[in-house]
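Overview (structure and organization)
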Amino acid sequence: ENPRVSLQDPASWDALFGEGIGTDSGVPVNHKSALEYAPVWQAVSLISGDVAKLPLDVYRRRPDLGESARELDRLHPAWRLVRQRANPETTAIKFWRRMMAHALLWGNAYAWIERNGAGQPVGLYNLLPDRTTPEYVRVAGSAETQLVYSTEVGGKTAALMPHDVLHVEGLATEAMACDQVKKAKDSWGLGLASQKFASKFFKHGARVAGILELPVGMSKTARDTVQEGFTKFHEGQDNWFRTFVARDGVKFHSVSTNAQESQMHELREDQVREVARWFNLAPSKLGLSDSVSYNSKAEDNQAYLDSTLSIWLLLIGTECWNKLLAPPEQAPDGHFFEHNTAALLRMNTLVRHQVYTIGIRAGMYSPNECRARENLPPRDGGDSYADVTRPPGGAAPQKEKENGEQQEQPERGGPGAFWPWKRDPAELERRREVFALGARARHKAKNP
């Protein structure tokens, strides 16, 4: 009933009836059977879960507080959709995990944006990636073409305008991204073939196939009886490793390769590494030993963020900026979307407390800001920043006048002479950048 599906195309029949895409290994692969391969399932589950659990927030720039100052805008209508509930039936984490599963397997993920009368987004709904296609159609009465998204909902085809569709795409060479399953069909088909070989190997009693040589002149009834008895004797778990006694000139000749000679274990491990390459994952993420090792879990997660997750986070953030913000909000000093990766890069308790201590002494953080990062309630007097001239564990030094008398110290926490830079947002931002750079360098150095 779908005019976009040609019944003369064999690939369409394979997709519709689940036979899959033909591979060189002989095992058909489609988007459902690919998830039956454990490494593919683990990779899709890992990446989609990590992207979904990272909070996606809407920020508003505050140039009045500094060049790069910003604040979280929880009142924006899109914040609730991308952070809490995408629509009345689906939470945000379920929505983004489905989007990423579609993007990782089909290469394209689509979602319809429901808007109210004022044009504000009020709901996000996942669209089927195998039933949604971007198309250029000719505008009536004009030679120009316009991009629309053709999708199937409830058995009916609908055309959606581009600004009403979130489109997260993977590696693309045209208007649509490349289908991951189609590109990796031979690689994943080989993995499924090795898995099927192992299953058949143990199903038939962990024995190789062969030829029964029977004496000349044996009747067909006798031949069938010997073959049937040989098969029943070897197949089944209860018959594994039993000894078979050949009589009356019967001989067995092996014609297949056993698991050890076929290097099945090495093949299956190599295929797991192949799956990791298709998803830009380190083999250690799929349970294999890797030649690259890190000194801490935070460094491992940083490499994982840089090589695997960062491109997906940027694609989602820019697409949300393009489709969920009004044109005035897209101005340079307007709004933007960004994922909070702090939870992924969370350091161990000792290192975190060391960073907090250095930050408080340098005037970077207040004690209550550090307590908030540890999910602790604020304490009285914890909103003031530390005096950079105050030595660790000691009192602020007393300055002397030229006549030897002690100069009265300004009140700590106010705009005193010892920290005038706190009244300059630009200088404060520069100091924060320098501190962040130093902390990162110490974290990466072999000798902090």
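Shown above is the structure to which this text applies.
A few points on the structure.

Conventions we followed
Residues numbered from 1 in each chain as written. Predicted model: local features only at pLDDT ≥ 70, side-chain atom pairs only at ≥ 80, totals over all residues. Heavy atoms only, no water. Phe/Tyr/Trp six-rings, centres within 6.5 Å; stacked < 30°, edge-to-face > 60°. Buried < 20%, exposed > 50% of the residue type's maximum accessible area, 1.4 Å probe, protein only. Helix = DSSP H or I, 4+ residues; strand = E, 2+ residues; numbered from the N terminus. Lys NZ or Arg CZ within 6 Å of the ring centre and 35° of its normal. Pairing = 2+ DSSP bridges. Axes fitted to C-alpha atoms, helices over the stretch in contact; angles between N-to-C directions. Contact = heavy atoms within 4.5 Å. Left-handed = near helix turned anticlockwise from the far one by under 90°. Nonpolar A, V, L, I, M, F, W, Y, C, P; charged D, E, K, R; others polar. Salt bridge = Lys/Arg side-chain N within 4 Å of Asp/Glu carboxyl O. Expected span 1.5 Å × (residues − 1). Arc of directions from axis to C-beta.

**Re the packing of aromatic side chains**
Applying the stated criterion across every chain yields a total of 6 aromatic pairs. Ring geometry for Phe 95 and Trp 96: centres 4.9 Å apart, planes at 75 degrees, overall edge-to-face. Overall, the relative accessible area of 5% leaves Trp 96 in the buried class. On the numbers, 5.8 Å between centres and 10 degrees between planes, the contact of Trp 188 with Phe 279 is stacked. Remark: Phe 279 occurs in the loop between helix H9 (264–278) and helix H10 (297–324) and Trp 188 occurs in helix H7 (residues 185–203); sequence separation between them is 91 residues. A single burial state applies to Trp 188 and to Phe 279, both of which are buried. The ring of Tyr 59 has Arg 70 lying over it, and the distance from NZ or CZ to the ring centre is 4.4 Å.

**Side note on the sheet that holds strand E13 (residues 335–339)**
Through backbone hydrogen bonds, the strands of a sheet pair up, either in parallel or in antiparallel fashion. Taken in spatial order, the 3 strands make up an open sheet running E2-E1-E13, and their pairing is antiparallel. On the outer flanks of this sheet lie strand E2 (70–72) and E13, each paired with one strand and no other. In this sheet, adjacent strand axes meet at a mean angle of 40 degrees when their direction is disregarded. Sheet analysis places strand E1 (residues 56–61) next to E2, joined by 3 bridges and oriented antiparallel. From the neighbouring strand, Arg 61 faces E2, where its bridge partner is Arg 70. Helix-sheet contacts for H10 involve E1 and E13, and the interaxial angle to E13 is about 155 degrees.

**Digging into the environment of Arg 273**
Checked against the element boundaries, Arg 273 lands in helix H9. Taking relative accessible area as the criterion, Arg 273 reaches 24% and is therefore assigned partly exposed. Separated by 234 residues in the primary sequence, Arg 273 and Pro 39 have C-alpha atoms spaced 8.9 Å apart. Those residues in contact with Arg 273 that lie beyond four places of it in its chain are Pro 283, Leu 288 and Ser 289.

**Focus on the packing of helix H5 (residues 92–106) against H10**
Here H5 crosses H10 at 115 degrees, and the two axes come no closer than 13 Å. Seen along the crossing, H5 lies across H10 with a hand that is right-handed. Two secondary-structure elements touch here, H5 through Trp 96, Met 100, Ala 103 and Leu 104 and H10 through Trp 312, Ile 316 and Cys 320. Of the residues contributing to the contact of H5 with H10, the split by class is 7 nonpolar, no polar and no charged.

**Considering the pattern of salt bridges**
Under the defined criterion, the tally for this structure stands at 15 salt bridges. The salt bridge involving Lys 53 is made with Asp 50; its shortest N-O contact spans 3.2 Å. Note that Lys 53 and Asp 50 are positioned in helix H3 (residues 38–53) at a spacing of 3 residues, about one turn of the helix. For Lys 53, a relative accessible area of 51% gives the class exposed. Among the charged side chains, a salt-bridge network with shared partners connects Arg 60, Arg 62, Asp 64, Glu 71 and Asp 73.

**Description of the sheet that holds strand E10 (residues 165–169)**
With respect to topology, 3 strands assemble into an open sheet ordered E6-E5-E10, the strand pairing being antiparallel. The sheet terminates laterally at strand E6 (121–127) and E10, the two strands that pair on one side only. Averaged over all pairs of adjacent strands, the angle between their axes in this sheet comes to 25 degrees, without regard to strand direction. With 5 bridges joining them, strand E5 (residues 108–115) and E10 adopt antiparallel strand pairing. Opposite Ala 109, over in E10, you have Val 168 as the bridge partner. Each of E5, E6 and E10 is contacted by H5, which is oriented at about 145 degrees to E5, the strand it contacts most.

**A word on helix H13 (residues 425–444)**
Look at H13: 29 Å from first C-alpha to last across 20 residues, which is about the 28 Å you get at 1.5 Å a residue. Along H13, the positions that sit buried rather than exposed are Leu 428, Phe 435 and Ala 439. One side of H13 carries all its buried residues, which in axial view fall inside an arc of 35 degrees. The exposed set on the far side of H13, more than 90 degrees from its buried face, consists of Val 434 and Leu 437. Here the buried face of H13 lies against helix H11 (349–361).

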